[in-house]
Amino acid sequence: MEFMAPEEEAKLIAEFNKRFPYKVELHVHLDGAVRPETVIDIAKERGMLESLPHKNVDEFNRDVIVTKPSSLEIMLRSFGYFMPIISGYKNAVSRIAYEICEDCAKHKIKYMEVRYSPHLFASSVTDPEFEQTPGSFTPRDVVQTVNEGLARGMKEFDVKVNSILCCMTNRPDWSKEVLELCKEFKDQGVVAIDIAGQEFEPGKHYDDCEMKKVFREAAKCGIHRTVHAGEIGTAKAVQEALDDMLAERIGHGYHSIEDPDLYQRIIRDQVHLEACPISSIMTKACEEDHMKHPLREFVKHGVNYSINTDDPVVLGNTLTDDYKFAQDMGLTDNDIIRGIFNAARSCFASDEDKKKIIKELTKIYGPH
Ligand SMILES: [Zn+2]
């Protein structure tokens, strides 16, 4: 996203908060939502600033934000700039979780499901793609720390944030532990399992039987499932996610549209598609001409869609920007509100919380 002057941004947020005073967001990555200021602060705190190519927020944004349509690979590469700074460091993980609650309040996101890989924030395991310093901060410590940060933030900013734990496509060996953590923290705000990372071509994507087994086991244990699929990959990946991994929601899912049978099934069964409009253009998951964006088709055909940010720190967006972008592609306020109701009905909150959210939404927007 191009840079917007602070006054202009504040005006946009105020306007959209007035029109949409209760938002629900289902697809955002915790590591992808860290504030640039926080990364710089943490780098200072850890004595890492000297060795970094970016010494302040402007330089950070210059290096990290993807400003023109490129690829999912390039977007994921941006994480390499800051993950080594925040990973394995308890203060950072706790602060990021707390701050996402404050950011929710700023944009009137009253219910959010935030996702993350416990392994990517840990230091007891390290990802070969990032130069992390090995340490003793385990994936389990990460979940506990995120929960602690979220609890503080939720209390302070009066928002509700549940979490989804991500398996990574390039690390099937982490999946079993992710499932175990989902089970252990099921009653403490961890509501679902996901798989994120680079999406491969069908046949290669989730052909790892271990991964499929983990998702089926999750279903057996009453753990909700969402799967990144059909973002840059084809409709086949979405079909595999539904049939082999028992996904209840699909992260992105734009390319479902290319398989008429699958698309009809998604409409008929009201499978929820977590659309991330700005992200989809920047990763070239969708065509740059936003008047051809699949979200327009989703609205027209009665698909169960929602509007989300994905990775604000690397895209330079907020949920307000994504709503504005949806409006620019021709969605009406009613279409956007429909997306909020869809998100509320397809969220993984407890039945009781869900009822409360839908009741609030109906009070504000009328029945949808
Ligand atoms: Zn995502």
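Treat the numbers as computed from the prediction; the structure is a model and nothing was measured.

K.L.:
Which parts of the structure should I look at to understand the coordination of the zinc ion?
P.N.:
Four donors placed tetrahedrally about a metal ideally form angles of 109.5 degrees, and six donors placed octahedrally ideally form angles of 90 or 180 degrees. Protein coordination of the zinc ion is provided by His27 (NE2), His29 (NE2), His228 (NE2) and Asp310 (OD), with donor distances spanning 2.1 to 2.3 Å. Every donor counted, the four donor atoms about the zinc ion form angles of 84 to 169° at the centre, which fits irregular coordination. Counting along the primary sequence, the residues that act as donors to the zinc ion give the motif H-x1-H-x198-H-x81-D. With histidine 27 in strand S1 (residues 23-29) and aspartate 310 in the loop between strand S8 (304-307) and helix H13 (312-315), this pair connects stretches of sequence that are 283 residues apart. Given the relative accessible area of 0%, histidine 27 is considered buried.

K.L.:
Would you explain helix H5 (residues 90-106) in this entry?
P.N.:
The α-helix advances 3.6 residues per turn, and as a result positions three or four apart in sequence lie on the same side. Taking 1.5 Å of rise per residue, the 17 residues of H5 would be expected to cover 24 Å, and the 25 Å separating its terminal C-alpha atoms lies within 8% of that figure. All buried positions along H5 are accounted for by Ala92, Val93, Ser94, Ile96, Ala97, Tyr98, Glu99, Ile100, Cys101 and Cys104. In this fold, the buried residues of H5 make contact with helix H2 (36-45), helix H4 (72-86), strand S2 (109-116), helix H6 (139-157) and strand S3 (160-168). Once H5 finishes, lysine 108 follows within two positions and takes phi at roughly 55°, a positive value.

K.L.:
Looking at this structure, I do not really get the environment of leucine 242. What am I missing?
P.N.:
Within the secondary structure, leucine 242 is located in helix H9 (residues 235-243). Each residue touching leucine 242, except ones within four places of it in the same chain, is listed here: Ala247, Ile250, Leu262, Arg265, Ile266 and Val271.

K.L.:
Please explain the side chain of glutamate 274 as it appears in this structure.
P.N.:
Tracing the backbone shows glutamate 274 in strand S7 (residues 272-275). Polar side-chain contacts of glutamate 274 include one of 2.7 Å to the side chain of histidine 27. In contact with glutamate 274, not counting residues within four places along its chain, are His27, Arg115, Thr226, Arg249, Ile250, Gly251, His252, Ser306 and Asn308.

K.L.:
What am I meant to see in the side chain of histidine 293 here?
P.N.:
Within the secondary structure layout, histidine 293 lies in the loop between helix H11 (277-282) and helix H12 (294-301). On the basis of relative accessibility, which here comes to 1%, the residue histidine 293 falls in the buried class. Polar side-chain contacts of histidine 293 include one of 2.9 Å to the backbone nitrogen of leucine 295. With sequence-adjacent residues up to four places away left out, histidine 293 is seen in contact with Tyr254, Pro277, Ser280, Ile281, Cys286 and Met329.

K.L.:
Would you take a moment to explain the packing of aromatic side chains for this structure?
P.N.:
Aromatic ring pairs are defined here through the distance separating the ring centres and the angle between the ring planes. Tallied over the entire structure, the rule returns eight aromatic pairs. Taken together, a centroid distance of 6.1 Å and an interplanar angle of 65° make the contact between tyrosine 116 and phenylalanine 121 edge-to-face. On the basis of relative accessible area, phenylalanine 121 is assigned to the buried category, the value being 1%. Following the ring pairs from residue to residue traces out a cluster consisting of Phe16, Phe20 and Tyr323. Looking at arginine 19, its charged tip hangs above the ring of phenylalanine 16, at a distance of 4.5 Å from the centre. Between arginine 249 and the ring centre of phenylalanine 348, over which it is positioned, the NZ or CZ distance is 3.9 Å.

K.L.:
Mind showing me how you'd approach unusual backbone geometry here?
P.N.:
If a residue is not glycine, its phi is most likely negative; likewise, a peptide bond is most likely trans. Located in the positive-phi region is histidine 252, a residue other than glycine, with phi close to 80°. Its location among the elements puts histidine 252 in strand S6 (residues 249-252). Judged by relative accessible area, histidine 252 falls into the buried class, the value being 0%. A positive phi is found at lysine 284, a non-glycine position, where the angle reads about 60°. Inspection of the secondary structure puts lysine 284 in the loop between H11 and H12.

Procedures and definitions
- Throughout this document, residue positions are counted from 1 along each chain, in the order its sequence is written.
- This being a predicted model, a pLDDT of at least 70 is required before a residue's local features are given, and a value of 80 or more before pairs of side-chain atoms are given or counted; all residues contribute to the totals for chains, interfaces and linings.
- Hydrogen atoms and water are omitted, and side-chain values are computed over all heavy atoms in the structure.
- Only nitrogen, oxygen and sulfur atoms within 2.8 Å of the metal, or 3.2 Å for Na, K and Ca, are treated as donors, and water is left out, so sites may look incomplete.
- Key to geometry: four donors with every angle between 85 and 135 degrees are tetrahedral; four donors are square planar and six octahedral where opposite donors lie over 155 degrees apart and all remaining angles lie between 65 and 115; all other sites are irregular.
- Numbering of helices and strands runs from the N terminus; a helix is a DSSP stretch of H or I covering at least four residues, while a strand is a stretch of E covering at least two.
- Relative accessible area decides the class of each residue, using a 1.4 Å probe on protein chains only: under 20% of the type maximum gives buried, over 50% gives exposed, and in between gives partly exposed.
- The span you would expect from a helix comes to 1.5 Å times its residue count less one.
- Working rule for contacts: check all heavy atoms of both residues, and any pair within 4.5 Å makes them a contact.
- Side-chain atoms alone can form a polar contact between residues adjacent in sequence; in general such a contact is a pair of N or O atoms within 3.5 Å, and within protein one must be able to donate a hydrogen while the other accepts it.
- Geometry of aromatic contacts follows a simple scheme: Phe, Tyr and Trp rings, the Trp one being its six-membered ring, pair when their centres are within 6.5 Å, and the pair is stacked under 30 degrees between planes, edge-to-face over 60, tilted otherwise.
- Whether a charge sits over a ring depends on NZ of Lys or CZ of Arg being within 6 Å of the ring centre and within 35 degrees of the ring normal.

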